[in-house]
Amino acid sequence: MTAYLRIEARLPLAAGLELRARLLAARPVWDVAATEDGLDFVIPLALGEMDPELTVVEESCRAVERTRPGLAVELTAVRVSEKPAPDPPAAFGPWAIDLLDEGQAPPPPAEGRMALPPFLRPSRRLWFGAELLAALIRDHLTPPPGAPDTRGRPALVLETALPAASLAARLAGSGPVTLAADDLTCASARALFWANGRPTDLEPVSTPFPELARRRDDWTGRFGLIAAHLSPYLVSRRLKTLARWLDPEGALALVGFAPGPQTAHLLRAAARAGLSLASSIALDGWAAMKLVRLPEREALPPLTGSVVPGLVDLPEEPFALESEANEEPAVDEESLMVEAEDEEEGEE
């Protein structure tokens, strides 16, 4: 019988959101819920193998404490026999959910319906993030009249624990879907596609992302849609690679972060990767954004001839008064802010 460890972290909400992002950057498959009082999550209790997991929790807490003087995260861990039972969802965006029982054969595929195998019973938090991502995917694949058609192009999805966005992209009209995730998520995605009558519409890839970034040169400019449901700290290190894989007319859909500092962190990383914000959603403490490539800039004409008149010498400046000479220059506080560059995954 599998046992579990329930971990609670008591800290303010803003610090809890940062701690959650750090935990999910190290362990993307964890289901970490944030409340006004802190974090609450359950992980498998594998005897003799818990030291690395608890080290991740402790180091993440210490990192948050270093950025917030006076903060002390209060941790409690209790052994439990089972995980909390999530409420089964009634729908996933525009698709009604058919919850399959153990051993039940899936129904024939039907328009507007999605069959969910019995082992996929995710928490409301995971469903909420997946639904936000599906909303961005659906909007991108249903352009308004007169806009370029975005359907039928290959899609790449990076997500863990809940592979529903992969199926949502295919049902909404994308081309073949590639899922880059861990072995367990890829296996769940294969079962989900099979239960919905689309066993050949998914290409699962469980190769670690840094290795994909180095070796998949054939993915350059390939995908008309890339979607990711990951920690903002993890996604920001991958944006340059994802921008390289994106079709020039494609879009990148992101979810899994909170409004505020995490959104700003992603937008700074997006600008460095040559991406700009096209749209965004914020709802119940979660945010999602759609990014597109920055347009190519036109070259400036040469600064000669009639474009720019000939330069002339300016008159010498009058001698400054002694009071002005001794006056200290104004300090631009923003110029003193130094932002550390994220190390891009896959770069050597």
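Everything below is about the structure shown above.
Since we're looking at a predicted model, the values are computed, not measured. (Residues numbered from 1 in each chain as written. Predicted model: local features only at pLDDT ≥ 70, side-chain atom pairs only at ≥ 80, totals over all residues. Heavy atoms only, no water.)

Asker: How do you make sense of the overall build of the protein chain when you look at a structure like this?
Answerer: A tally of helices and strands in the protein chain yields 10 helices and 14 strands. Taking all contacts inside the protein chain whose residues are at least 6 apart in sequence as the whole, residues at least 24 apart take part in 68%. Roughly 19,500 Å² of accessible area belongs to the protein chain as shown, and the carbon and sulfur atoms make up 54% of that amount. (Helix = DSSP H or I, 4+ residues; strand = E, 2+ residues; numbered from the N terminus. Contact = heavy atoms within 4.5 Å. Areas by Shrake-Rupley, 256 points an atom, 1.4 Å probe, with all protein chains shown as cover.)

Asker: Help me understand the pattern of salt bridges in this model?
Answerer: Two side chains of opposite charge can pair, provided their charged atoms sit close to one another. Counted according to the given criterion, the structure contains 13 salt bridges. When the shortest N-O distance is used, the salt bridge between D201 and R198 registers 3.0 Å. Across the pair R215 and E211 runs a salt bridge whose closest N-O atoms are separated by 2.9 Å. Of this pair, R215 and E211 both sit in helix α6 (residues 209-215), separated by 4 residues, roughly a single helical turn. Using a relative accessible area of 62% as the deciding quantity, one classes R215 as exposed. Owing to a relative accessible area of 25%, E211 belongs among the partly exposed residues under this scheme. When salt bridges that share partners are traced, they join R6, E8 and D40 into one network. (Salt bridge = Lys/Arg side-chain N within 4 Å of Asp/Glu carboxyl O. Buried < 20%, exposed > 50% of the residue type's maximum accessible area, 1.4 Å probe, protein only.)

Asker: I'm lost on helix α3 (residues 124-141) in this one. Help?
Answerer: Residues that lie three or four places apart on an α-helix share one face, since the helix turns once every 3.6 residues. The first and last C-alpha atoms of α3 sit 25 Å apart over 18 residues, in line with the 26 Å expected at 1.5 Å per residue. Extensive coverage of α3 is indicated by the burial of 15 of its 18 residues. (Expected span 1.5 Å × (residues − 1).)

Asker: What is the right way to look at the sheet that holds strand β6 (residues 95-99) in this model?
Answerer: One key point about sheets: their strands pair by backbone hydrogen bonds, in either a parallel or an antiparallel sense. Spatially, 3 strands are ordered β5-β6-β7 in an open sheet, and the strand pairing comes out mixed. The open sheet has two free edges, formed respectively by β5 (91-92) and β7 (113-116), since each of these has just one partner strand. Sheet topology note: the β5/β6 ladder contains 2 bridges and is antiparallel. Across the sheet, F92 pairs through a bridge with W95, a residue of β6. (Pairing = 2+ DSSP bridges.)

Asker: Please clarify how the nonpolar core should be interpreted in this entry.
Answerer: Side chains of nonpolar character tend, in soluble globular proteins, to be buried together. Ranked by size, the top nonpolar core spans 39 residues in total, and within it F92, W127, L133, I137 and L179 carry the most contacts. In terms of residues, this core owes the most to one element, α3, which gives 10 residues. Apart from residues no more than four positions distant in its own chain, L179 is found in contact with V157, E159, P163, S166, T185, C186, A189, L202, E203, P204 and V205. One finds A213, L239, F257 and M289 within the second-largest nonpolar core, a separate group that totals 30 residues. (Core = buried A, V, L, I, M, F, W, Y, C linked by side-chain atoms within 4.5 Å.)

It is worth stressing that arrangement in space is one thing and function is another; only the former is reported here.
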